[in-house]
Amino acid sequence: SELQSPCNLVCRLLLEKKQTNQYYCILIFSIYIFFNDTATTEIYTLSLHDALPIWRILIQRLGERFASRAAEHDESDRFVHANWEELKSEKLFSAMVPEELGGAGLPHTEMCSLIREMAQYCPSTALAFSMHQHLVAAAVWNYRQGNPGEKLLRKVAECETVLVGTGANDWLSSSGNLEPCEGGFRFSATKAFASGSPAGDLLVTSGRYKDPKDGWQVLHFPLSLRSEGVRILENWKAMGMRGSGSN
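Given the structure is predicted, the values throughout are model-derived calculations rather than measurements.

All right, on to the side chain of His 73 then. By secondary structure assignment, the location of His 73 is in helix α4 (residues 54-76). For His 73, a relative accessible area of 7% corresponds to the buried category.

Before going further, it helps to spend a moment on the environment of Asp 211. In this structure, Asp 211 sits in strand β4 (residues 202-211). Relative accessible area serves as the criterion here: at 18%, Asp 211 is assigned to the buried category. On a C-alpha basis, the gap between Asp 211 and Pro 180 in space is 9.8 Å, while along the polypeptide they are 31 residues apart.

Of note in this structure, Ser 174 is not a glycine but carries a positive phi near 60°. Mapping Ser 174 onto the fold places it in the loop between α9 (167-170) and β2 (177-181). Accessibility expressed as a relative area gives 6% for Ser 174, which makes it buried. A positive phi angle, close to 60°, is found at Phe 193, a residue other than glycine. Examined against the element boundaries, Phe 193 turns out to sit in the loop between β3 (184-188) and β4. The class of Phe 193 is partly exposed, set by a relative accessible area of 39%.

The next subject is the confidence of the model for the protein chain. The predicted model of the protein chain has a mean per-residue pLDDT of 83, with 79% of residues at 70 or higher. Helix α8 (residues 150-159) holds the highest mean pLDDT among the elements of the protein chain, 98, whereas helix α3 (residues 40-43) holds the lowest, 42. Every residue in residues 1-35 is under pLDDT 50, and counting partners more than four places away or in other chains gives 42 contacts. Below a pLDDT of 50 lies the segment residues 37-52, which in the model reaches 35 contacts outside its immediate sequence neighbourhood of four places, other chains included.

Here we come to the packing of helix α6 (residues 108-119) against helix α7 (residues 123-144). One can describe the packing of α6 onto α7 by two numbers: an axis separation of 8 Å at closest approach and a directional angle of 165°. Taken together, the axes of α6 and α7 are roughly antiparallel relative to one another. Here α6 runs over α7; the crossing is right-handed. On α7, the residues touching His 108, Met 111, Leu 114, Ile 115, Met 118 and Ala 119 of α6 are Pro 123, Thr 125, Ala 126, Phe 129, Ser 130, Gln 133 and Ala 137. A class-by-class count of the residues in the contact of α6 with α7 yields nine nonpolar, four polar and no charged.

The rules behind the values
Residues numbered from 1 in each chain as written. Predicted model: local features only at pLDDT ≥ 70, side-chain atom pairs only at ≥ 80, totals over all residues. Heavy atoms only, no water. Helix = DSSP H or I, 4+ residues; strand = E, 2+ residues; numbered from the N terminus. Buried < 20%, exposed > 50% of the residue type's maximum accessible area, 1.4 Å probe, protein only. pLDDT = per-residue confidence, 0-100. Contact = heavy atoms within 4.5 Å. Axes fitted to C-alpha atoms, helices over the stretch in contact; angles between N-to-C directions. Parallel < 35°, antiparallel > 145°, perpendicular 65-115°, else oblique. Left-handed = near helix turned anticlockwise from the far one by under 90°. Nonpolar A, V, L, I, M, F, W, Y, C, P; charged D, E, K, R; others polar.

Printed below as a string of structure tokens:
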């Protein structure tokens, strides 16, 4: 069949880890995509770790569309929603999650290169995407060290859950206060530079809590951005980066 030739050839060479020139593989795959874009669905069954050059082809393909929308997002102060949906559909939010937890197992160094490539097309998309990935990277490190992190990583892999961090202004002492209430805590705070917040799912944040015995502590926790009482202030208007939604 048609799908039996170039695409499967590259898959087989990469999976068998043959001593094949990777640029030859990329050339074959690029030519095939040019004539039949639907072939991309087959290559994604591969682990990104086994086919490291493939992500660059993917970002270049997506990047052309990202670049075509970049100026409009900046001029209108709108978040890059369309780019976000494309990244989700390609399962790039879970790319760095370990394979045993349902992700693609892309190494940290390769994710950094991927984001650098993405920034050439739309800096706002790359910035917001990187803020999600640095939280994933921290969870991966914790998981590898035997600390909590597996549950969060599985959720990202299962649903392409988008993480939004608030660490930029929290530092070690954090901000906002936690008060005990029935079933948990009531949290009051204003957090800044939450990149990706217009389309985020989980806020990974922290707050201060005065323990009756141990005194002031900083507690770290996830919070659904759709929780009652959460409000996103549309106040991010940094020239050139307005599409990142860093409210």
